[in-house]
Amino acid sequence: MLKIDGLNVYYGESHILRDVTMEVAPGEVVCLMGRNGVGKTTLLKSVMGLLPARRGAMGYGDEDITTAPPHVRAKLGIGYVPQGREIFGSLTVHENLIVGLQARRDGQTTINEEVYELFPVLKEMLSRRGGDLSGGQQQQLAIARALVSDPTLLLLDEPTEGIQPSIILEIEQAIRRIRKTGTTAVLLVEQYFEFAKNLGDSYYIMQRGSIVAQGDTADLTDEIVHAHLTV
Ligand SMILES: Nc1ncnc2c1ncn2[C@@H]1O[C@H](COP(=O)(O)OP(=O)(O)O)[C@@H](O)[C@H]1O
Ligand SMILES: [Mg+2]
């Protein structure tokens, strides 16, 4: 469904992504792993259209999206949860979710109940300001805001970063339920390899902007992890 072919991305003259080739199949959870600074966030931003490709191509379904702007990609069904969450702190939880509706392809103006089933805490806090939620609740809100648009691909950038263990478990369960529905694929950037191993169907490991290992998560061995991920 998502096909990235030989992607090269730069910040100014800094060559960040080098010939990245990757695929995400419908409904699949793909984990992108790698140490700090290797280019994981840059890749997700590129998939969302926030950074231009200098060389290479990107396709989504039957569409060539290599040069498509972010709102076009959102309308095609790509949802994005940035690293650090970036919810609207001065808007209420409900208003944050309403913002997410704008990317819906069917023009629906109500929020699906399933979003609250995934994250019940949000239903209790609909009138609270986003900025007053805990970090873990904000992360859940950020994921929910992306889900209300009913994406066919959800980009998740380090959803467990700086979050307490109980909420990490809730997020893990939510991703598991998303996978079960089979209608939303997930491209998950994750540093905790246990989290990735528990959830993912396949994995990619990145080093200095290049993919250096990939395969089925079931075949991800400690050896591979030690070679590429531990310090
Ligand atoms: N806005 C930016 N301008 C210039 N360089 C950047 C910018 N953002 C990130 N970088 C550089 O790009 C590289 C990859 O960063 P990033 O994609 O955030 O890595 P990761 O998400 O894997 O930690 C790093 O070397 C980082 O310093
Ligand atoms: Mg990052």
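Residues numbered from 1 in each chain as written. Chains lettered and ligands numbered in written order. Predicted model: local features only at pLDDT ≥ 70, side-chain atom pairs only at ≥ 80, totals over all residues. Heavy atoms only, no water.

Next up on the list: the sheet that holds strand 4 (residues 55–60). With antiparallel pairing, 4 strands are arranged side by side in an open sheet as 2-1-4-5. On the outer flanks of this sheet lie strand 2 (14–24) and strand 5 (63–64), each paired with one strand and no other. Of the pairings in the sheet, the one linking strand 4 to strand 5 comprises 2 bridges and is antiparallel in character. Its bridge partner lying in strand 5, Tyr-60 is registered against Glu-63. Its contacts with the sheet put helix 1 (residues 40–48) on strand 1 (2–11), strand 2 and strand 4, and the angle it makes with strand 1 is roughly 115°. (Pairing = 2+ DSSP bridges. Helix = DSSP H or I, 4+ residues; strand = E, 2+ residues; numbered from the N terminus. Contact = heavy atoms within 4.5 Å. Axes fitted to C-alpha atoms, helices over the stretch in contact; angles between N-to-C directions.)

The next thing to look at is unusual backbone geometry. The backbone of Asp-19 shows a phi angle near 50°, a positive value even though the residue is not glycine. Turning to its location among the elements, Asp-19 is positioned in strand 2. For Glu-158, which is not glycine, the phi torsion reads 50° and is therefore positive. Turning to its location among the elements, Glu-158 is positioned in the loop between strand 7 (153–157) and helix 7 (165–181). A relative accessible area of 7% places Glu-158 in the buried class. (Buried < 20%, exposed > 50% of the residue type's maximum accessible area, 1.4 Å probe, protein only.)

What links the strands of a sheet is backbone hydrogen bonding, and the strands pair in either a parallel or an antiparallel sense. Here 6 strands make up an open sheet; going across it, the order is 6-7-8-3-9-10 and the pairing mixed. In this open sheet, the two strands that pair with only one neighbour each are strand 6 (78–81) and strand 10 (210–216). With strand direction ignored, the average angle separating the axes of adjacent strands in the sheet is 15°. Pairing of strand 3 (residues 29–33) with strand 8 (residues 185–189), which is carried by 4 bridges, proceeds in the parallel orientation.

Turning next to the site of ligand 1. The environment of ligand 1 is formed by Tyr-11, Ile-16, Arg-35, Asn-36, Gly-37, Val-38, Gly-39, Lys-40, Thr-41 and Thr-42. Val-38 places a polar main-chain atom, nitrogen or oxygen, 3.2 Å from an oxygen atom of ligand 1. In this structure, Lys-40 approaches ligand 1 through a side-chain N or O atom, which is 2.8 Å from an oxygen atom. Examining the composition of the shell around ligand 1, we find that 3 residues originate from one element, helix 1, more than from any other. Tallied by class, residues from the shell around ligand 1 come to 3 nonpolar, 5 polar and 2 charged. (Near = heavy atom within 4 Å. Polar contact = N/O pair within 3.5 Å; in protein donor to acceptor, adjacent residues only side chain to side chain. Nonpolar A, V, L, I, M, F, W, Y, C, P; charged D, E, K, R; others polar.)

Six octahedral donors around a metal ideally make angles of 90 or 180 degrees; four tetrahedral donors ideally make 109.5 degrees. Those donors, Thr-41 (OG1) and Gln-83 (OE1), are the protein atoms that reach the magnesium ion (ligand 2), and they lie 2.0 to 2.3 Å from it. In this pair, Thr-41 is assigned in helix 1 and Gln-83 in the loop between strand 6 and helix 3 (93–101), connecting sequence segments 42 residues apart. Judged by its relative accessible area of 26%, Gln-83 is partly exposed. (Donors = N, O, S within 2.8 Å, 3.2 Å for Na, K, Ca; no water.)

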